Amino acid sequence: MEHNAMTYEYLVIAGYFLLIIGIGFTFKNMASKSTSDYFRGGGKMLWWMVGSTAFMMQFSAWTFTGAAGKAFTDGFTVCLVFLANTFAYFCGWAYFAQRFRQMRVDTPTEAIKGRFGVQNETFFSYALVVFTLINAGIWLNALGVFTSAVFDADIGTTIIVTGLTVVFVSVLSGAWGVVASDFMQTLVVAVISIACAVVALVKVGGPVALVSKYPSDFIMGPDMNYGLILVGTFVFFLAKQLITIMNMHDAFRFLNAKDSKNAKKASLLAMILMGLGSIIWFIPPWASAILYPEAASAYPEFGSKAGDAIYLIFTRNVMPVGTVGLLLAGLFAATMSSMDSALNKNTGILVRSIYQPFLRKRGKEVDDKKLLRLSMILSFISGILVIAMALFFKSLKEHSLFDLMMSLSAMIQVPLLIPLLLGLFIKKTPKWAPWATVILGLFISWLMTYIITPNVFANWIGIPEFTAREATDMNLILTLGAHVFITGGFFCLTSLFYKEAKDDNKVETKEFFRLFETPVIAADDQDKFDQQQRNKLGTMVMIMGAGIFLMVLIPNPLWGKLIFVCCALIISGIGYVLKRSSKIT
């Protein structure tokens, strides 16, 4: 019986992969005209496509693994990260998203060049490419951990196979394929999350029972004696997620939008999806803490990462046959969206901000078609490097994925991105300010990791040593607090050293801010692109709905079959609306 069940899971995953490859081919022609089409869809995408890619970029397999493991052990606190994401997208809707679109560039580093000059464009190009590769490596590693548990396969082999699939879609169809697959993947993630959450609530007896029966304090979690630490964590998460989502580098999501209004709507959609998801995603891990308190010990080969497989344990024990395959498709979806966006963005930076300036210095120009072919090659090479990075992280058994992700983000990502957020408001800064701020920030990260540790801080304020969990959270608060006040404060204070006479980028900076505040209006020929997007995606979504409907044929109890029918009807309905609207336009 177990063997038959796994056969159905394999069929579901195989069907999903065929669909994703189909998306690559469907959107191939839309990305083959120019490098602008390849890097950002030529800035012609509709708000619901851009909003779904913005949402999925913050939603990798890590959400179903590392974050789910944190929810299983510590209760509600994991939601703080995702509620902070919701706040960041609210700020995007209120101010940032439309202005990012108005920068009118193809890659984020071209915006950095306009604001800070060529020197900083080069510095950030190299720094951001390296960081993005590391980050994508963590996402792929998270997927490898989970997938290998499902198939009882070697994690290394799993990382290589799944990584190569992601590379295929990214190389073939560029930004169009990336964003189109993100929209499809948002639908997969939504239906599987809601289905699992509903079943989990039924199993534990409803929301009240979920909270009251949780093994430790639901809000505080175990090993947490100071409520103030949770408050501090949330406050600094708000600042951290704003810095890491709404900055010139991560603005690339909104560069795809067809105009300012669509960029603004996209951020609103991401905010709504993230706000609802912040609770829905974690109901199954919370329920598992009640239903299967010893569940993490089922996968001892993961060491301290065993809790990261909790979603798999819940799905295998509770959900109808076929759901593990659908969940795994959602995980592939989540990681693909994060990784292929990273590959696409990195390729744009390498071509536009490193290779082209290198040629121009030698008085050479390259045809855009040749640059397009080079972009595909670089995208492939970047993918191989990400796979290598994921294999390295596989060896770090002692770190949970949640702690690894949060530590890397607080120590490297935040100092790297502070100038790219504050530079939008502090207009008069010397040209050394951005890179000097990053170097200071990295020093602050080292200081807070090795010198001013949580237990040193505990001694200063006269309290006993923190528990392991308190120390982890306190380290995040201290690191983020130091970056907000010291690293951020340093960047602001550099304006005291600004000398207009010495600013050789002042004309470009003035033009950058003029465009930044000038709305983008869609081109006259936009209607045909709108129709193509609705028509192509409508077809693919209806095919996916039909595929999920076929899962009714899998031997399951009636309630299990009804879950698949409901999921299929919702997805097919969305596909039908898209197809119909493509004819009306």
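Since the model is a prediction, treat every value here as computed from it, not as a measurement.

**With respect to helix α23 (residues 526-550)**
Inference 1: Here α23 contains 25 residues, and its C-alpha end-to-end distance of 37 Å stays within 8% of the 36 Å for a straight helix at 1.5 Å per residue.
Inference 2: By the burial criterion, the buried members of α23 are Q526, F529, D530, Q533, R534, L537, G538, M540, V541, M544, G545 and I548.

**Examining the nonpolar core**
Inference 1: Counting residues in hydrophobic clusters, the biggest one holds 162 residues, and the most contacted among them are M103 and F254.
Inference 2: Broken down by element, the residue count for this core peaks at 22 residues, all from helix α9 (residues 155-204).
Inference 3: The contact partners of M103, leaving out residues within four places of it in the chain, are A111, M248, A251, L255, F512, L515 and F516.

**A few points about unusual backbone geometry**
Inference 1: Phi at R104 takes a positive value of approximately 55 degrees, unusual for a residue other than glycine.
Inference 2: On the secondary structure map, R104 appears in the loop between α6 (79-101) and α7 (108-116).

**Structural notes on the state of the cysteines**
Inference 1: By the definition in use, this model includes 0 disulfides.
Inference 2: Here C196 is not cross-linked by a disulfide; its sulfur's nearest cysteine counterpart is in C567, at 9.1 Å.
Inference 3: For C196, a relative accessible area of 0% gives the class buried.

**Quick look at the environment of A239**
Inference 1: Mapped onto the elements of the fold, A239 is located in helix α11 (residues 227-245).
Inference 2: Along the chain, A239 and A84 lie 155 residues apart, while their C-alpha atoms are 8.0 Å from each other.

**What to know about the confidence of the model for the protein**
Inference 1: Per-residue confidence for the protein gives a mean pLDDT of 82, with 88% of residues at or over 70.
Inference 2: Summarising per-element confidence for the protein, the mean pLDDT is lowest in helix α4 (residues 61-64) (70) and highest in helix α22 (residues 506-516) (93).

**Digging into the packing of helix α14 (residues 283-291) against helix α15 (residues 310-318)**
Inference 1: Contact geometry of α14 with α15 gives a least axis separation of 9 Å together with a crossing angle of 75 degrees. With respect to α15, the axis of α14 lies roughly perpendicular. Of the residues in α15, those touching α14 at P284, P285 and S288 are I310, Y311 and F314.
Inference 2: Here the residues of the contact of α14 with α15 sort into 5 nonpolar, 1 polar and no charged.

**Details of the environment of L372**
Inference 1: Note that L372 resides in helix α17 (residues 368-394).
Inference 2: Owing to a relative accessible area of 6%, L372 belongs among the buried residues under this scheme.
Inference 3: Remark: the alpha-carbon pair of L372 and D37, spanning 335 residues in sequence, is separated by 9.5 Å.

**Some points on a nonpolar patch on the surface**
Inference 1: Taken together, I160, L164, I377, F380, I381, I384 and L385 make up a surface patch of nonpolar side chains, about 590 Å² in accessible area.
Inference 2: Those elements that place two or more of their residues in the nonpolar patch are α9 and α17.
Inference 3: The leading source of residues in the nonpolar patch is α17, at 5 residues.
Inference 4: Following the sequence through the fold, I381 ends up in helix α17.
Inference 5: In this structure I381 comes out as partly exposed when scored by relative accessible area, which is 43%.

**Focus on helix α13 (residues 260-280)**
Inference 1: Under the 1.5 Å per step criterion, the end-to-end length of α13 is 31 Å for 21 residues, consistent within 8% with the ideal 30 Å.
Inference 2: Contacts from the buried residues of α13 go to α3 (47-57), α6 and α12 (252-255).
Inference 3: For α13, the N-terminal cap is D259; the gap from its side-chain oxygen to the backbone nitrogen of K261 is 3.3 Å.

**Re the pattern of salt bridges**
Inference 1: All told, the structure shown has 8 salt bridges when counted by the stated rule.
Inference 2: Across the salt bridge formed by D250 and R253, the nearest N and O atoms sit 3.7 Å from each other.
Inference 3: We classify D250 as buried; its relative accessible area is 5%.
Inference 4: The salt bridge partner of R514 is E511, with a shortest N-O separation of 2.9 Å. Here the residue R514 and the residue E511 both occupy positions in helix α22, the gap between them amounting to 3 residues, near one helical turn.
Inference 5: Taking relative accessible area as the criterion, E511 reaches 33% and is therefore assigned partly exposed.
Inference 6: A single network of salt bridges, built from pairs that share partners, joins D106, E110 and R352.

**A short note on the environment of I134**
Inference 1: One can find I134 in helix α8 (residues 118-151).
Inference 2: For I134, a relative accessible area of 19% gives the class buried.

**Examining the side chain of Q533**
Inference 1: Inspection of the secondary structure assignment puts Q533 in helix α23.
Inference 2: Within the local environment of Q533, its side chain forms a polar contact with the backbone nitrogen of L46, the two atoms lying 3.0 Å apart.
Inference 3: Residue contacts for Q533: discarding those within four places in its chain leaves K44, M45, L46, W48, M49, W176, Q526 and G538.

**Comments concerning the packing of aromatic side chains**
Inference 1: Scanning the model with the defined rule gives 22 aromatic pairs in all.
Inference 2: Measuring from centroid to centroid gives 6.0 Å for F55 and W281, while their planes differ by 20 degrees, and the two rings are stacked. Placement of F55 in helix α3 and of W281 in the loop between α13 and α14 is noted, with a sequence separation of 226 residues between them. The residues F55 and W281 share a single accessibility class, namely buried.
Inference 3: Ring pairing ties together the aromatic residues F55, F76, F82, W281, F282 and W286, which thus form one cluster.

Each value, and the rule that gives it
Residues numbered from 1 in each chain as written. Predicted model: local features only at pLDDT ≥ 70, side-chain atom pairs only at ≥ 80, totals over all residues. Heavy atoms only, no water. Helix = DSSP H or I, 4+ residues; strand = E, 2+ residues; numbered from the N terminus. Expected span 1.5 Å × (residues − 1). Buried < 20%, exposed > 50% of the residue type's maximum accessible area, 1.4 Å probe, protein only. Core = buried A, V, L, I, M, F, W, Y, C linked by side-chain atoms within 4.5 Å. Contact = heavy atoms within 4.5 Å. Disulfide = S-S within 2.5 Å. pLDDT = per-residue confidence, 0-100. Axes fitted to C-alpha atoms, helices over the stretch in contact; angles between N-to-C directions. Parallel < 35°, antiparallel > 145°, perpendicular 65-115°, else oblique. Nonpolar A, V, L, I, M, F, W, Y, C, P; charged D, E, K, R; others polar. Patch = residues over 30% accessible without salt bridge, like charges linked within 9 Å, V, L, I, M, F, W, Y side chains within 5 Å. Areas by Shrake-Rupley, 256 points an atom, 1.4 Å probe, with all protein chains shown as cover. Salt bridge = Lys/Arg side-chain N within 4 Å of Asp/Glu carboxyl O. Polar contact = N/O pair within 3.5 Å; in protein donor to acceptor, adjacent residues only side chain to side chain. Phe/Tyr/Trp six-rings, centres within 6.5 Å; stacked < 30°, edge-to-face > 60°.

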